[in-house]
Amino acid sequence: MFFKRLREDINFAKKIDPAARNKFEILMTYAGVHALSIHRGANFLHRIKLKFLARWVSQFGKWLTGIEIHPAAKIASGVFIDHGSGVVIGETAIVETEVIIYQGVTLGGTGKERGARRHPTVKKGAIISCGAKVLGNITIGENSVVGAGSVVLKDVPPNSTAVGIPARVVKINGERVRSGCEIPDIVKDEIDLLKARIDQLEKLLAIKGEEDATL
């Protein structure tokens, strides 16, 4: 079972990462693959109630890879943690297959929640971009994308793109979402004013030219 999951992790990394030359290189050099393998050992120890040893193994994995995954987190095979430095995955997080997680991502809690579910669920095919913070008992839907540096505090529906602080959904099924509280584009507004002014001046010059021609 361990080697089957490892093989699926490597195959997915080879499929996703254009820099991956071959599977041996992935096995030997990819910190994300190493972190997931160590986590599966820690998760096994946690499930058989050797919780201190499980935590020690997870901390060893953090020291080795720069990626911190709580032993109780549930992570499917076929997940790709790209580069991975600074990634933190909390105790009750669930990560499904074909998820891509980039460096600096946190799947954490808000600090206000208690109970069995305090961390996010990331559904199949989702992408969590660099530096994103996904916090609380929320769900990132299938094939959704969380933009770099975003802070997600609410559910993201499937096939969506969420960006910003706090994150808001800007695309669903590839189509832009319009809202009544969009952030104004100051530069665009200024350009529009300049264009209107230029149009006005051109009309005045045209009128002036016609007047001069009649004289």
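Residues numbered from 1 in each chain as written. Predicted model: local features only at pLDDT ≥ 70, side-chain atom pairs only at ≥ 80, totals over all residues. Heavy atoms only, no water.

Novice: Honestly, the overall build of the protein in this entry has me stumped. Any pointers?
Specialist: Along its length, the protein carries five helices and 16 strands. Against the globule reference of 17 Å for 215 residues, the protein gives a C-alpha radius of gyration of 25 Å, more extended than a compact globule. Referenced to the eigenvectors of the C-alpha coordinate spread, the extents of the protein come out at roughly 100 × 45 × 30 Å. The burial tally for the protein puts 37% of its 215 residues in the buried class. If you take every contact in the protein between residues at least 6 apart in sequence, the share linking residues at least 24 apart comes to 32%. Accessible area for the protein stands at about 12,800 Å²; split by element, carbon and sulfur atoms hold 60% of it. (Helix = DSSP H or I, 4+ residues; strand = E, 2+ residues; numbered from the N terminus. Rg over C-alpha atoms; globule rule 2.2 N^0.38 Å. Buried < 20%, exposed > 50% of the residue type's maximum accessible area, 1.4 Å probe, protein only. Contact = heavy atoms within 4.5 Å. Areas by Shrake-Rupley, 256 points an atom, 1.4 Å probe, with all protein chains shown as cover.)

Novice: Is there a simple way to explain the pairing of strand S14 (residues 160-163) in this structure?
Specialist: Regular strands place side chains that alternate from one sheet face to the opposite one. Taking every second residue as pointing to the same face, the buried face of S14 carries Ser160 and Ala162, while none of Thr161 and Val163 on the other face is buried. Sheet topology note: the strand S12 (residues 145-146)/S14 ladder contains two bridges and is parallel. The residue bridging Val146 from the neighbouring strand is Ala162, located in S14. The sheet contact formed by S14 and strand S15 (residues 168-172) spans four bridges and is antiparallel. By the bridge assignment for S15, Val163 is matched with Arg168. Here S14 folds back onto S15, and the loop between the two strands holds four residues, one of which, Gly164, carries a positive phi near 105 degrees. (Pairing = 2+ DSSP bridges.)

Novice: In this structure, what is going on with the packing of helix H1 (residues 2-16) against helix H3 (residues 31-47)? I would like to understand it.
Specialist: Helix-helix packing: each pair is described by the crossing angle between the helix axes and the interaxial distance. Here H1 crosses H3 at 155 degrees, and the two axes come no closer than 10 Å. If you check the angle between H1 and H3, you find them roughly antiparallel. Once H1 is placed against H3, the crossing between them reads as right-handed. Where H1 approaches H3, its residues Phe2, Arg5, Leu6, Asp9 and Ile10 are matched on the opposing element by Val33, Leu36, Ser37 and Arg40. Within the contact of H1 with H3, the residues separate by chemical class into five nonpolar, one polar and three charged. (Axes fitted to C-alpha atoms, helices over the stretch in contact; angles between N-to-C directions. Parallel < 35°, antiparallel > 145°, perpendicular 65-115°, else oblique. Left-handed = near helix turned anticlockwise from the far one by under 90°. Nonpolar A, V, L, I, M, F, W, Y, C, P; charged D, E, K, R; others polar.)

Novice: Is there a simple way to think about the sheet that holds strand S5 (residues 94-95) in this case?
Specialist: Strand pairing within a sheet occurs via backbone hydrogen bonds; the two strands may be parallel or antiparallel. Sheet architecture is open: four strands sit in the order S2-S5-S8-S11, paired in parallel fashion. With partners counted over all chains shown, the strands left at the sheet margins are strand S2 (74-75) and strand S11 (139-140), one partner each. Relative to strand S8 (residues 121-122), S5 runs parallel, the two sharing two bridges. Among the inter-strand pairings, Ile94 is bridged to a residue of S8, identified as Thr121.

Novice: What's the story with the nonpolar core in this structure? I'm lost.
Specialist: One broad rule of soluble globular proteins: the nonpolar side chains tend to lie buried together. Counting residues in each nonpolar core, the largest one holds 27 residues, and the members touching the most others are Ile69, Ile89, Ile101, Leu107, Ile128 and Ile140. Not counting chain neighbours up to four residues away, the residues in contact with Ile140 comprise Thr121, Val122, Lys123, Ala126, Ile128, Val134, Val146, Val152 and Val156. Of all hydrophobic cores here, the second largest spans ten residues; its members include Ile10, Ala20, Tyr30 and Val33. (Core = buried A, V, L, I, M, F, W, Y, C linked by side-chain atoms within 4.5 Å.)

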